[in-house]
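So you can see what is in the structure, the chains are spelled out below.
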Amino acid sequence: MTERPADPHGLSEVMSQIARSLQERHGDVQATLELITEAAVGAVQGAEEASISYVIARRRVETRAATGHLSQSFDDLQTRIGQGPCLDSVRDAITVRVHDMGTETRWPLFAREAAGLGVLSSLSFQLFVEGDNLGALNLYARRRHAFGEAAEDTGLVFAAHAAIALSGAQHEHNLRTALTSRDLIGQAKGILMERYRLSAAQAFALLVQASSRTNRKLVDIAEELSSTGTAPGTDVRVD
């Protein structure tokens, strides 16, 4: 059977659809992860399930989005045994393709148990590196030799686009979080300044003091003050 060649035009359309969908989610990182995994199954020939996994401290695999329960079990197995294709992919910045878990020799113990779960073929691509935390896109199939050269080529292009989309969503999320934090802190400062005749610097110093005393984030102190009238860690009460 001749393998179907990669379809760059079809893939471009898939990525365009994802981009349009993401515009409606406004930086929702979780929604971005879910869209990427769903689209990957449809875009890469042979894929039956997909997941995006984060590797924390280069050893613990956490499934952040998945199209089924199989991928969660697969990631849990890699964490428990400490080896597997996702770990190799993110550590070495390579694409890892498994043709047959039943005869795989790179991770004998892992491969045997993975085959027992029902995963017989897989593809893993590195998505990003952020310090000791890494991300991978993983594709799974229940049959042997599910992924050929064309599937790997398509997956590489898809992973590259997905990494950009994920980075953009994360950046927008961080920006929105920062703006929200700034607004909350500004509101809390305003309350303290108005009710207790403090300067902006004095009000901010009081919030910092409360944060230090309670070992809580400054923005959490500001949010509680704005919503309840109490600044934890200080004697100030806003009526």
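Report on the accompanying structure.

Parameters and conventions
- Residues numbered from 1 in each chain as written.
- Predicted model: local features only at pLDDT ≥ 70, side-chain atom pairs only at ≥ 80, totals over all residues.
- Heavy atoms only, no water.
- Helix = DSSP H or I, 4+ residues; strand = E, 2+ residues; numbered from the N terminus.
- Buried < 20%, exposed > 50% of the residue type's maximum accessible area, 1.4 Å probe, protein only.
- Pairing = 2+ DSSP bridges.
- Salt bridge = Lys/Arg side-chain N within 4 Å of Asp/Glu carboxyl O.
- Phe/Tyr/Trp six-rings, centres within 6.5 Å; stacked < 30°, edge-to-face > 60°.
- Expected span 1.5 Å × (residues − 1).
- Arc of directions from axis to C-beta.
- Core = buried A, V, L, I, M, F, W, Y, C linked by side-chain atoms within 4.5 Å.
- Contact = heavy atoms within 4.5 Å.

Examining the environment of L120
Line of reasoning, step 1. Tracing the sequence through the fold places L120 in the loop between α5 (108-117) and β4 (121-130).
Line of reasoning, step 2. Sequence separation between L120 and A141 is 21 residues, and the spatial gap between their C-alpha atoms is 6.2 Å.

Let's talk about the pairing of β4
Line of reasoning, step 1. With respect to burial, β4 is a largely interior element, seven of its 10 residues being buried.
Line of reasoning, step 2. Where strand β3 (residues 96-98) lies against β4, three bridges are found, and the strand directions are antiparallel. Across the sheet, V96 pairs through a bridge with S124, a residue of β4.

Some remarks on unusual backbone geometry
Line of reasoning, step 1. The backbone of R197 shows a phi angle near 55°, a positive value even though the residue is not glycine.
Line of reasoning, step 2. Summarising the element assignment, R197 is placed in the loop between α6 (149-196) and α7 (200-214).
Line of reasoning, step 3. For N215, which is not glycine, the phi torsion reads 55° and is therefore positive.
Line of reasoning, step 4. Topologically, N215 is positioned in the loop between α7 and α8 (218-228).
Line of reasoning, step 5. Look at N215 and you get exposed, because its relative accessible area is 73%.

Concerning the pairing of strand β1 (residues 49-56)
Line of reasoning, step 1. Of all eight residues making up β1, eight are buried, and the element is well covered by its neighbours.
Line of reasoning, step 2. Going residue by residue along β1, you find E49, S51, S53 and V55 tucked away on one face and A50, I52, Y54 and I56 tucked away on the opposite face as well.
Line of reasoning, step 3. Alignment of β1 against strand β2 (residues 60-66), held across six bridges, turns out to be antiparallel. Of the residues in β2, the one forming a bridge with I56 is R60.

Things to note about the pattern of salt bridges
Line of reasoning, step 1. Taken as a whole, this structure holds eight salt bridges when the rule is applied.
Line of reasoning, step 2. Measuring nitrogen to oxygen at the nearest pair gives 2.9 Å for the salt bridge that ties R97 to E149. One end of the pair, R97, is in strand β3; the other, E149, is in helix α6, and 52 residues separate them in sequence.
Line of reasoning, step 3. In this structure, D100 and R144 form a salt bridge, with 3.1 Å as the shortest nitrogen-oxygen distance. A residue pair is termed long-range when its members are at least 10 positions apart, and D100 in the loop between β3 and α5 and R144 in the loop between β5 (133-141) and α6 qualify at 44 residues.
Line of reasoning, step 4. The network of salt bridges with common partners includes E48, E49 and R142.

What about the packing of aromatic side chains?
Line of reasoning, step 1. Under the definition given, this model contains four aromatic pairs.
Line of reasoning, step 2. Arranged with centres 5.1 Å apart and planes meeting at 85°, the rings of Y54 and F128 form a pair that is edge-to-face. Here the residue Y54 occupies a position in strand β1, and F128 occupies one in strand β4, the gap between them amounting to 74 residues.
Line of reasoning, step 3. Among the residues examined, Y54 registers a relative accessible area of 11% and is labelled buried.

Regarding helix α3 (residues 69-81)
Line of reasoning, step 1. The end-to-end C-alpha separation of α3 is 19 Å, in line with the 18 Å expected for 13 residues at 1.5 Å each.
Line of reasoning, step 2. By the burial criterion, the buried members of α3 are L70, S71, F74, D75, L77, Q78 and I81. One side of α3 holds all its buried residues, which, seen down the axis, span an arc of 155°. Looking at α3, the residues exposed on the side facing more than 90 degrees away from the buried face are H69 and R80.
Line of reasoning, step 3. A positive backbone phi angle near 80° is found at G82, which sits one or two residues after α3.

A look at the environment of G84
Line of reasoning, step 1. As for its placement among the helices and strands, G84 is situated in the loop between α3 and α4 (85-92).
Line of reasoning, step 2. Taking C-alpha positions, G84 is 9.1 Å from F74, a pair spaced 10 residues apart along the chain.

Brief notes about the nonpolar core
Line of reasoning, step 1. One finds L137, L139 and F147 to be the most contacted residues of the largest nonpolar core, which totals 26 residues.
Line of reasoning, step 2. Looking at this core, the elements with two or more residues in it are α2 (29-43), β1, β4, β5 and α6.
Line of reasoning, step 3. What L139 contacts, discounting residues up to four positions off in sequence, is A40, V44, A47, E49, A50, S121, S122, L123, F125 and F147.
Line of reasoning, step 4. Judged by nonpolar contacts, the second largest core, of 14 residues, contains V98, V119, L120 and Y140.

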